[in-house]
Structure formats: structure tokens, C-alpha cells
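Tertiary structure, described
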2 protein chains.
Amino acid sequence: MSKSKYAVGVDLGGTSIKIGLVNKEGKIVKKISVDSNAQNGPDEVVSQIKKGIKLLLKNIKDKVEGIGIGSPGTVDSQKGTVENPPNFPGWIKVHLAKSIKKEFGVDCFVENDANAAAIGELIYGSGKKFDNFIMITLGTGVGSGIIINKKIYGGETGGAGEIGHTTIDHNGAQCKCGSKGCIEAYVGNNYIIKRVKEELPLQPDSLINRLIENDMSPLTPKIIHEAALQNDTYAISFIVDIGTKIGHGLANAINTLDITNIIIGGGVAGFGDILFNAIREATVDRVMIPFKPRVKVKPAKLKNDAGIKGASALVFYKS
Amino acid sequence: MSKSKYAVGVDLGGTSIKIGLVNKEGKIVKKISVDSNAQNGPDEVVSQIKKGIKLLLKNIKDKVEGIGIGSPGTVDSQKGTVENPPNFPGWIKVHLAKSIKKEFGVDCFVENDANAAAIGELIYGSGKKFDNFIMITLGTGVGSGIIINKKIYGGETGGAGEIGHTTIDHNGAQCKCGSKGCIEAYVGNNYIIKRVKEELPLQPDSLINRLIENDMSPLTPKIIHEAALQNDTYAISFIVDIGTKIGHGLANAINTLDITNIIIGGGVAGFGDILFNAIREATVDRVMIPFKPRVKVKPAKLKNDAGIKGASALVFYKS
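Predicted, not measured: the structure shown is a model, and the values here were computed from it. (Residues numbered from 1 in each chain as written. Chains lettered and ligands numbered in written order. Predicted model: local features only at pLDDT ≥ 70, side-chain atom pairs only at ≥ 80, totals over all residues. Heavy atoms only, no water.)

**Examining the overall build of chain A**
What counts, and what does not: Secondary structure elements are taken from DSSP: a helix is a run of H or I of four residues or more, a strand is a run of E of two residues or more, and numbering for both begins at the N terminus. Radius of gyration: over C-alpha atoms. The globule rule applied is 2.2 Å multiplied by the number of residues raised to the 0.38 power. Burial here depends on accessible area, computed with a 1.4 Å probe over protein chains only, as a share of the maximum for the residue type. Under 20% is buried, over 50% is exposed, and the range in between is partly exposed. With residues, only the protein chains shown are counted as cover, and all accessible areas are computed by Shrake-Rupley using a 1.4 Å probe. Working convention for charge: Lys and Arg count positive, Asp and Glu count negative, and His plus the chain ends are omitted. Charge placement uses NZ in Lys and CZ in Arg. For Asp and Glu, CG and CD serve respectively.
Regarding its fold elements, chain A presents ten helices and 13 strands. Computed over its C-alpha atoms, the radius of gyration of chain A comes to 20 Å, within 12% of the 20 Å expected for a compact globule of 319 residues. The C-alpha extent of chain A, read off along each of the three principal axes, is 60 × 50 × 40 Å. Of all 319 residues assigned to chain A, the portion counted as buried reaches 57%. For chain A, the exposed surface amounts to about 13,800 Å²; the carbon and sulfur share of it is 49%. Both charge centroids of chain A, one from 40 positive and one from 32 negative side chains, sit 8 Å from each other.

In C-alpha cells form, the structure reads like this:
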């Protein structure tokens, strides 16, 4: 046991901070969660992270190689700083890595959470065998990370990979980023629920109505998927439409980057084969001819605790 | 004079091959043009390139550092091969660099013509001061090259940078690449002319009607620009619409790449300030907030003979 290498992974969220002790194979051997208390400002959040790590490491005898943190907001991974994370009032710029390193005496690496998810797949998951891939995380938002030659591609300021905010219809749905027709504006979790709620009254025969017993409040992507698995025409066509839109957005990224390996994670990816087949078909349909035979669309391997695992992967990736 | 460094730049086109002797400052000191005779197959074209270079170098005493070739089609710049250039019947894969190097005893570098244009701007033009930029060439097609850390970003197979074939409307106009709503399908030269010809009968007051004396055959982007410069409402709104579409496409590339320096060349860029202002406005409107203040959209510096100059720049770029 003492020969294993361990890292701490911190998944910083607006409500809670999930922290795990992860071995080099990506297995979580212990995990805890603490409130982020984001409303009390950055000092409190940093203090909660420290408190959580101490709690996690209590009675742990194994040597920890380092601490990785996946954070929302604009992250400068060289400097270990986090700027303006949404849902964290009062943050301007916080020197997170420096503060954590000082407290625990081990290296600390901070990355944007979408990039951390991509590094997680690179080190532990579906990206192990790829030198280059695009990772998309389908959740409330649509995050993405671009891996080039087994490294995160950050662009000029670390802000690259906002594929969720590329448009597929420049006169289309208003996106909260200010643009129109962004992939996120069609396939973000809230959008999906909103659209099904609007369309369902026109689909009286859909099985979804029975599954939710005509009460919209429990409607989730999972219920839509369940109906689709039972061959509900509306549910299937809905998921295919979501997948088609994702595929058309991915084709833009592929034509720009000449990277044809795609890994897709996040809750909405739970739509399973129906979604993945639709994404594949739409992507291949729209990329330039030489790219068509090379397109691979794979589900992410890290499911639950992807945030903790991705963050811990930063340690093994950097060291 | 003998201290100057010279390169030969070859601009390989479907109809003619333009060849120039270019100094390190990007000045063409001599140039010639020969027919490409593309219909006679690859051996004939390669033979024409050799003939042209010999003609160019006749009576030239200065040492030539190398030969650069900008070619349509899929170029493997490492191997110096050209595959399937459109409008070149009978080409499968031609080892162009090897053949030219053998004939002239100097290094030969081959690049895709859109990438060569970007390297031309990097070495001689508007990209000199940038480490990273996106170069778009607006012509019959919409070509693009991506410069990252002063190098062409080629992606996995050298096919990166097909920004002209990214969609801004996935249900939009059919593009000849097989996809729909690509930037090229809205702003390619032929599309522009076709659209103005369709719209002009509904614009009887437009100055364009008088400039072409109601005969559509001489209609060119230049005439549309002339009308716009004389405050023709229709011509201005047309150019602004073209610029807006380019800007929305560029915003996708910027959000993906975090590269905010844009250089635009090619004939359609002759629409001038009206076009560039529209591109700037639309790009800034649609990129993610942190990118907005950094967006720079500049015209290409290499105008006439950009093909020759870009090709010659390959020599100084590689050596």
C-alpha cells in the first residue's frame, strides 16, 4: 500500500466542495464533501478547502504527491490563480495554488474545471490512448477542453475551448453568454427541460406523460431517456435532435482543429447510444471529406466523481 | 546586392503558375507566369513548374536560399507531398518538394496555399508582431491558416484551419463541401455575385444598376464596393451583412482557440473599411466577454502577388 501514489482532487463548486484521495489508477480511496460557503467571499471558501483537505487526510498515512483543484472561472494554471468564477460573489483574483501549497507543503495545481475533466480522461479515462482529443461535458453548461499532444491547449490566455459557446445558428436561440444559437443554448440541461415542458402538451401520446404522471416538476433528462428506451417516438426524436445539434457544433471544431477524437461526458451524455449515434452521424455528415473516416465519438469513462478524479489527475499530469 | 537573401516563391494555380524571386523583405525583384496545363496531368504540371523556375532564374547571379510552393489540395508539409488538389485532374499524391529539390539542388518547401498566405503575413506582413493569429483569405473560396507561437498549426494531419467550412447556420445555404451554412457559402466570391444578381431587380434605386448600365455580366465585388463608397444604401447593407456573417464565424474560431488577432486578405477584403468595421463589430458582439477587448481585425499587408510572397516566405520561415 505504501508504494501507491496518491493525489488529492478538489472539485470546487458553488454549493459544495468535493474532495477525494485518489490513487494513480484513478480510484478514489476516500472522499468527503464540505460546504463552499461561497456567499461569505473568497477567504471563507479557501478556508473551507483547507478544512476539507485536513479532514480528508486525517489518519491517512500515505504520502500525498500533490493537490489538484478543478475550479470554475478563468484559471491561470501557470500562476495558480482563479478569476471571477460565476456564483462566487466577491472574487476578483485569488492565488489559490500558492495558498494551498503553503498550508500543506505539497505542490498544488489549479485548472479550469472543463480542462480538468479533459485531463482526467487523458490520465485515467477514454483519452489514455489519444494524443489529441476534444472533451465535451454536457451539463447545465456545456464545457470543453482541447488536448493537443497530450497537453491542454489553453490559447493565448488559458481561455480556449469554449466550444459550448460556438454558434450553429447565428440568428438562433439567445444564449446567456450574450451570443445566439450557441450549442449550450440548445443542449444545456435547463434548456432541454424547458423545451420538453413546452413541447409535451403537444405530444399527448408520449410515454413521458405517463412516466411523470402528468406532473412536470419531476421531469429530468433521465425520464426522457427512459421513455426513449421504451421506444417513445417523441423522446427518441428529441434526443436525436439534441445529438444532431451537438454534432453540427463538433463539426465546426473538427474543421477548425483537425482533431477527430471526441470524448463526451456529463449528465446529458446519459442519453446513451441514441444520443451518441446521433452525434456521430451528424458530425460525420458535416466535417470535411478527409476527416469523415477518422471521426471517433466516445463516452467519457469517468462518470461519478469525474470532478474529483479530473482534479487529482492534474497532479499526475503535471509531475 | 550580393548580400541580399533571395527565395523563389511558386503560386500554383489551376490555370497559371506564378513564380517570383523575392528578397528577405518580401519585395519581388522579378516575376514570371507560365500555364499550368493542369488538364495534362501531374507530370506536365511539375514540368511546367521546373520550366518556369528556370526561366525566372535565367541571368540571375544571386544565390537562391530555397524554393517555396503554395499549392491547393491536401499538403503534407513534412514530406512535401500534394494530394488531390481540386481542378488538377489525375493527381493522387505527388512528391513535389523532392522532385523540385532534385532539379535545382536547393531546399524546397510546400504548403497548402491558405497556410502559405498566413506564413507570408507572419514573415513579411500584418502578422510580424503577433505570436498567434488567424488568417482568412476571402476569394472564390474562404481559406484560412492558424498561427500558434509563430508556427502554422496543422492539427493531426495538416488539415486544420478550415474555418471557411464552419457553419453559422446549420440549416442554412448548401455549401459545395457538403455541409450547410458554411461561411464560404455566404461570402465566397461566386456566392456574392449570385446573390447581388438575384437581389438587384428588387433594388431599382441602387447605384449598382447605373454602374453596370443594367447589364449584369460585368458585376464584380469592386463595383459593389464603388457603389457603397458613393453611399448606396443597398450596397452598404450588403457589405455589412457579409461582414457580419464573417464576424459570427470568426467568433466561433476565437471562442474555440483563444486567438484574438485576425488578419483578412483576398479579393473580397477589397470591400475595405465598410467590411472591416462590420466584421469587427460582429466579432466583438459574439465572442466570450474576456475576449471582447482583445479582438483585433487587420487587413492583410500582402495584396497583389500574395501567393508568390507567401510561398517565398516558406523558405525564410523554415530555414
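Back to the write-up after that little detour.
**A word on the relation of the copies chain B and chain A**
Put simply, the rule reads: To line up the copies, we fit them by least squares on C-alpha atoms, keeping just the residues with pLDDT of at least 70 in both. Residue contacts are counted whenever heavy atoms from the two residues lie within 4.5 Å of one another.
For these two chains of identical sequence, chain B goes onto chain A by a turn of 180° and a shift of 0.0 Å along the axis, with RMSD 0.1 Å. Overall, the copies show the geometry of a two-fold rotation axis. It is B:Asp169 whose C-alpha, among those of chain B, lies nearest the rotation axis, at 2.1 Å. Comparing contact sets, 100% of the residues at the interface of chain B also lie at the interface in chain A, consistent with an isologous, same-surface contact.

**A look at the packing of aromatic side chains**
The geometry of two aromatic rings is summed up by the distance between their centres and the angle between their planes. All names here are of chain B. Our working definition: Any two rings among Phe, Tyr and Trp, with Trp reduced to its six-membered ring, count as a pair given centres within 6.5 Å; such a pair is stacked if its planes are under 30 degrees apart, edge-to-face if over 60, and tilted if neither.
Taken as a whole and assessed by the stated rule, the structure comprises eight aromatic pairs over all chains. Between Tyr-186 and Tyr-191, the aromatic rings sit 6.0 Å apart at their centres with planes inclined by 85°, giving edge-to-face as the arrangement. Residue classification places Tyr-191 among the partly exposed residues on the basis of a relative accessible area of 22%. On the basis of an interplanar angle of 45° and a centroid distance of 6.2 Å, the ring pair of Tyr-234 and Phe-238 is categorised as tilted. With Tyr-234 and Phe-238 both in helix α8 (residues 233–257) and four residues apart, the pair spans about one turn of that helix. With a relative accessible area of 8%, Tyr-234 lands in the buried category.

**Some remarks on the interface of chain B and chain A**
Spelled out, the test is: What gets called buried area is simply the loss in accessible area from a 1.4 Å probe that two parts show on being joined, summed for both. Salt bridge, as used here, is a side-chain nitrogen of Lys or Arg placed within 4 Å of a carboxyl oxygen of Asp or Glu. Counting of polar contacts relies on pairs of N or O atoms within 3.5 Å, with two restrictions inside protein: one atom must be capable of donating a hydrogen and the other of accepting it, and residues adjacent in sequence are counted only when both atoms are side-chain atoms. Three classes are used, and their members are as follows: Ala, Val, Leu, Ile, Met, Phe, Trp, Tyr, Cys and Pro are nonpolar, Asp, Glu, Lys and Arg are charged, and the others, Gly among them, are polar.
At the junction of the two partners, chain B supplies 37 residues and chain A supplies 37 residues. Interface area for chain B against chain A, summed over the two sides, is near 3,300 Å², with a carbon-plus-sulfur share of 49%. Our count for the contact surface shared by chain B and chain A stands at two salt bridges. Here B:Glu156 makes a salt bridge to A:Arg294, at a shortest N to O gap of 2.5 Å. One can count 32 residue pairs in polar contact (both at pLDDT 80 or more) joining chain B with chain A. Every element with two or more residues in the side of chain B that touches chain A is listed here: β10 (142–148) and α8 of chain B. Ranked by residues supplied to the side of chain B that touches chain A, first place goes to α8(B) with six residues. For the side of chain B that touches chain A, a count of residues per class yields eleven nonpolar, 18 polar and eight charged.

**Points about the pairing of strand β3 (residues 28–35) of chain A**
All names here are of chain A. Inclusion rule: For two strands to be treated as a pair, DSSP must find at least two bridges joining them.
As paired elements, strand β2 (residues 16–23) and β3 share seven bridges and run antiparallel to each other. Bridging from a neighbouring strand, Ser-16 pairs with Asp-35 of β3. Counted along the chain from β2 to the antiparallel partner β3, the turn is four residues long, and its residue Gly-26 has a positive phi close to 90°.

**What to know about the packing of helix α7 (residues 221–229) of chain A against helix α8 (residues 233–257) of chain A**
Residue and element names in this part refer to chain A. Put simply, the test is: Throughout, an axis means a line fitted to C-alpha atoms (over the contacting stretch in the case of helices), and angles, computed between N-to-C directions, take values from 0 to 180 degrees. Here a crossing is taken to be left-handed if its near helix is turned anticlockwise relative to the far helix by less than a right angle, and right-handed if that turn runs clockwise.
In contact at an axis separation of 7 Å, α7 and α8 are set at 120° when each is read in the N-to-C sense. For the element pair α7 and α8, the recorded crossing hand is left-handed. Listed contacts from α8 to Ile-224, His-225, Ala-227 and Ala-228 of α7 are Ala-235, Ile-236, Phe-238 and Ile-239.

**Some points on the state of the cysteines**
Formally: Any two cysteine sulfur atoms lying within 2.5 Å of each other are counted as a disulfide.
If you walk through the whole model with that rule in mind, you get zero disulfides over all chains. Among the cysteines around B:Cys182, which has no disulfide bond, B:Cys177 carries the closest sulfur, lying 3.7 Å off.

**Examining a positive patch on the surface**
Residues and elements named next belong to chain A. Quick note on the threshold: Patches were defined on residues exceeding 30% relative accessible area and lacking a salt bridge, with like-charge contacts within 9 Å and nonpolar side-chain contacts (Val, Leu, Ile, Met, Phe, Trp, Tyr) within 5 Å.
Side chains of Lys-128, Lys-129, Lys-296, Lys-298 and Lys-301 sit close together on the surface and give a patch of like positive charge. Residue position: Lys-301 is located in the loop between β13 (296–299) and α10 (306–318). When its relative accessible area of 53% is taken as the criterion, Lys-301 is described as exposed.

**Some words on the confidence of the model for chain A**
All names here are of chain A. Note the cut-off: How sure the predictor is of each residue is captured by pLDDT, a score from 0 to 100.
In the predicted model, chain A carries a mean pLDDT of 94, and the fraction of residues at 70 or more is 99%. Taking the mean pLDDT of every element in chain A, the minimum, 87, falls on strand β5 (residues 74–76) and the maximum, 98, on α8. Model confidence for the complex: the whole-complex pTM is 0.93, and ipTM, which rates the interface, is 0.93.

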